[in-house]
Amino acid sequence: MVARLEESGELRPGPVREALLALPRQVLMPQAYVRRSAPDETPPRWDLLDWTRPADQEELLERLHSGDSVAIQHDGEPTLGRTAGSRRGGAMTAMSSTMGMTADLLQLLDLRSGQHVLDVGTGAGVTAAVACFVCGDTGVVTLDIDPHVTAAARERLGALGYQPTAVTGDGTAGWPDAGPYDRVFVSFAVRRVPTALVEQLAPGGRALMTLGTSSPSWPGLAVIDKRPDGTVEAELRAVEFGHRAGAGFDRLFLSASFRDTITTVDGPTQRTRLAPPADTARGMWLALDALYPGLVRHFGAEDLAIGAPECGSWMRVRAAGPRRWDVTTCGPRDIWAEIQDAAARWRAAGEPAAYRLHLDTDDVQQATSPNGALTWHLPHTGASR
Ligand SMILES: C[S@@+](CC[C@H](N)C(=O)[O-])C[C@H]1O[C@@H](n2cnc3c(N)ncnc32)[C@H](O)[C@@H]1O
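Parameters at a glance
Residues numbered from 1 in each chain as written. Predicted model: local features only at pLDDT ≥ 70, side-chain atom pairs only at ≥ 80, totals over all residues. Heavy atoms only, no water. Helix = DSSP H or I, 4+ residues; strand = E, 2+ residues; numbered from the N terminus. Rg over C-alpha atoms; globule rule 2.2 N^0.38 Å. Buried < 20%, exposed > 50% of the residue type's maximum accessible area, 1.4 Å probe, protein only. Contact = heavy atoms within 4.5 Å. Areas by Shrake-Rupley, 256 points an atom, 1.4 Å probe, with all protein chains shown as cover. Lys, Arg positive; Asp, Glu negative; His and termini not counted. Charge placed at Lys NZ, Arg CZ, Asp CG, Glu CD. Axes fitted to C-alpha atoms, helices over the stretch in contact; angles between N-to-C directions. Parallel < 35°, antiparallel > 145°, perpendicular 65-115°, else oblique. Left-handed = near helix turned anticlockwise from the far one by under 90°. Core = buried A, V, L, I, M, F, W, Y, C linked by side-chain atoms within 4.5 Å. Near = heavy atom within 4 Å. Polar contact = N/O pair within 3.5 Å; in protein donor to acceptor, adjacent residues only side chain to side chain. Salt bridge = Lys/Arg side-chain N within 4 Å of Asp/Glu carboxyl O. Phe/Tyr/Trp six-rings, centres within 6.5 Å; stacked < 30°, edge-to-face > 60°. Pairing = 2+ DSSP bridges.

**Some details on the overall build of the chain**
Within the chain, the secondary structure is distributed over 11 helices and 20 strands. Rg of the C-alpha trace for the chain: 22 Å, near the compact-globule value of 21 Å for 385 residues, within the 12% margin. For the chain, buried positions account for 52% of its 385 residues. Sequence-distant contacts, at least 24 apart, represent 60% of the contacts inside the chain between residues at least 6 apart. Here the chain displays about 17,100 Å² of accessible surface, and carbon together with sulfur accounts for 51% of that area. Computed over 38 positive and 47 negative side-chain charges, the inter-centroid distance for the chain is 4 Å.

**Thoughts on the packing of helix 10 (residues 282-291) against helix 11 (residues 335-348)**
Relative orientation and spacing of two packed helices are given, respectively, by the angle between their axes and the distance between those axes. Contact pair helix 10 / helix 11: the axes reach a minimum separation of 9 Å and the direction vectors enclose 120 degrees. Between helix 10 and helix 11, the interaxial angle falls into the category oblique. For the pair helix 10 and helix 11, the sense of crossing is right-handed. Across the interface between the two elements, Gly-283, Met-284, Trp-285, Leu-288 and Leu-291 from helix 10 touch Glu-338, Ile-339, Ala-342, Ala-343, Arg-345 and Trp-346 from helix 11.

**Focus: unusual backbone geometry**
Trans peptide bonds make up most of the peptide bonds, and negative phi angles are found at most residues other than glycine. The linkage connecting Thr-42 with the following residue, Pro-43, adopts the cis geometry, with an omega of -10 degrees. Mapped onto the elements, Pro-43 comes out in the loop between strand 1 (31-35) and strand 2 (45-50). Omega for the peptide link from Gly-179 to Pro-180 comes to 0 degrees, which places this bond in the cis form. Within the secondary structure, Pro-180 is located in the loop between strand 8 (165-168) and strand 9 (181-186). Not every positive phi belongs to a glycine, and Asp-110 is a case in point at roughly 60 degrees. Within the secondary structure, Asp-110 sits in the loop between helix 5 (99-109) and strand 6 (117-120). Classification of Asp-110 as partly exposed rests on a relative accessible area of 30%.

**Some remarks on the nonpolar core**
For soluble globular proteins, nonpolar side chains are generally found buried alongside one another. Of all hydrophobic cores here, the largest spans 52 residues; its most connected members are Ile-224, Leu-357 and Trp-376. Those residues within four positions of Trp-376 in sequence are excluded, and the remaining contacts are Leu-236, Leu-286, Ala-287, Ala-290, Leu-291, Tyr-355, Gln-365, Gln-366 and Ala-367. Counting 44 residues, the second-largest nonpolar core is a separate cluster that includes Leu-5, Leu-49, Ala-103 and Leu-157.

**Description of the site of the ligand**
Taken together, 20 residues form the shell around the ligand, and within it Met-95, Thr-127, Asp-144, Gly-171 and Ala-247 come nearest. Here an oxygen atom of the ligand sits 3.0 Å away from a polar atom, N or O, in the side chain of Ser-96. Backbone polar atom of Ala-124 to an oxygen atom of the ligand: 3.1 Å apart, as the coordinates give it. When the ligand is considered free in solution it has 610 Å² of accessible area, and contact with the protein chains removes 93% of it. Counting residues per element, the ones that place at least two in the shell around the ligand are strand 5 (92-96) and helix 6 (126-135).

**Considering the pattern of salt bridges**
For the structure on display, the rule yields 18 salt bridges. The salt bridge involving Arg-36 is made with Asp-47; its shortest N-O contact spans 2.8 Å. Highlighted residues: Arg-36 in the loop between strand 1 and strand 2 and Asp-47 in strand 2, separated in sequence by 11 residues. One salt bridge in this structure joins Glu-240 and Arg-282, with 3.6 Å as the shortest N-O distance. Of the two residues, Glu-240 is situated in the loop between strand 12 (232-238) and helix 9 (256-264) and Arg-282 in helix 10; the sequence distance between them amounts to 42 residues. A network of salt bridges, in which partner residues are shared, links Glu-6, Arg-17 and Glu-18.

**Examining the packing of aromatic side chains**
Scanning the model with the defined rule gives 2 aromatic pairs in all. Aromatic side chains Trp-218 and Trp-285 sit 5.3 Å apart centroid to centroid with 15 degrees between the ring planes, which places their arrangement in the stacked category. Remark: Trp-285 occurs in helix 10 and Trp-218 occurs in the loop between strand 10 (201-211) and strand 11 (220-226); sequence separation between them is 67 residues. Exposure remark for Trp-285: the relative accessible area of 1% places this residue in the buried category.

**A look at the sheet that holds strand 10**
Spatial ordering of the open sheet is given by 8-7-6-9-10-11-12-18-19-20, a layout of 10 strands whose pairing is mixed. Two strands bound the open sheet, and with one partner strand each, they are strand 8 and strand 20 (375-377). Direction aside, the axes of adjacent strands within the sheet are offset by 20 degrees on average. Summarising the sheet, strand 10 and strand 11 pair through 6 bridges and their orientation is antiparallel. In the strand pairing of strand 11, Thr-210 is matched with Leu-221.

**Quick word on the environment of Thr-150**
With respect to the element layout, Thr-150 can be found in helix 7 (residues 147-159). As a C-alpha pair, Thr-150 and Gly-90 span 60 residues in sequence and 21 Å in three-dimensional space. Leaving out residues up to four positions away in the same chain, Thr-150 has contacts with Asp-144, Ala-166, Val-167 and Thr-168. Of the polar contacts made by the side chain of Thr-150, one reaches the side chain of Thr-168; its length is 2.9 Å.

**A few points about the sheet that holds strand 14 (residues 296-297)**
Read from one edge to the other, the open sheet built from 5 strands follows the order 13-17-16-15-14, with strand pairing classed as antiparallel. The outermost strands of the open sheet, each flanked by one partner alone, are strand 13 (269-272) and strand 14. Taken together, the 5 bridges between strand 15 (residues 304-308) and strand 16 (residues 313-321) define a ladder with antiparallel strand orientation. Bridged to Gly-307 within strand 16 is Trp-314.

Laid out in structure tokens, this is it:
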């Protein structure tokens, strides 16, 4: 896995690489789920693989070193002392995140020996283990909302020889008792920057977290630096991948039948010479998500296909020849017009890939392009838009 991450450029020489090389992943994840049903099949079916069963070892190792996310908890169950075997229905409630994204973010966090680290969203404990390896376990606090996840991580990190402070609580409140922290790493998406986490950041400290709106399609990464004088400088970067939503944050998804509609059904179609924005225009897509909330991209489609599940509107853009596209739109929202408007505003803003984040007061958090031309307020916690 480490070699693959190096080849893809996601992992560079340095302490995070050393930590990942030294980490026996099966100690942190001696049991993991693999999905046995097709993506849209209901009820879903999983098998819980177990390292102590020789028949499971090869598949478990392959799963743990695939770099993909690893499902570790089903329906909030206790994660110590489980019986291996099949599960039907319900949902996966804790995961270890994809390693490419995790490695990328941990390197951006710039961990150093002796730092105090708050790892928010313990999960399988991979990020906590890396923090312990690099910084030393006495300065690491790992915090999860689920007591079973905390208990398992405490035991398994202990088996690696690490004794960080492993605690249970809502991560958006942080863990002030052991602060301030030089580094704060959040492993789940939040709607806005939790003020408590900024308050618990030490001067010279850095916090990273995925910021999302209602759609999982176009995530933003908040990079928050507290200067030595205590003032805060924060940036919202448009990124390809982000963490999944945290507790109490419902996201929109396209159902299988809606995805089928968007890709196959005919509707009013216009021919245009206006090219759809490129996938790599991430700053535009992030702005679209904020300016016109409720849109979800069907990333599996060949064409650009986007739906608005709350009202059933959808749009599909198909190449119709050199510099010509057929745009099919359906429903009360004109998604193509929304994209054109967001793209025009993004171009006028200088096509930024990152926005300044203003976190001045509790009530107002705002993203603004460097030239000030494009700006939006981050949604309030609990609001669906
Ligand atoms: C993607 S997993 C974390 C991955 C983990 N850092 C690792 O290295 O394996 C996200 C975790 O965040 C936890 N979580 C979700 N919402 C939370 C919240 N509001 N406060 C604290 N933990 C939360 C979940 O229980 C889950 O274990």
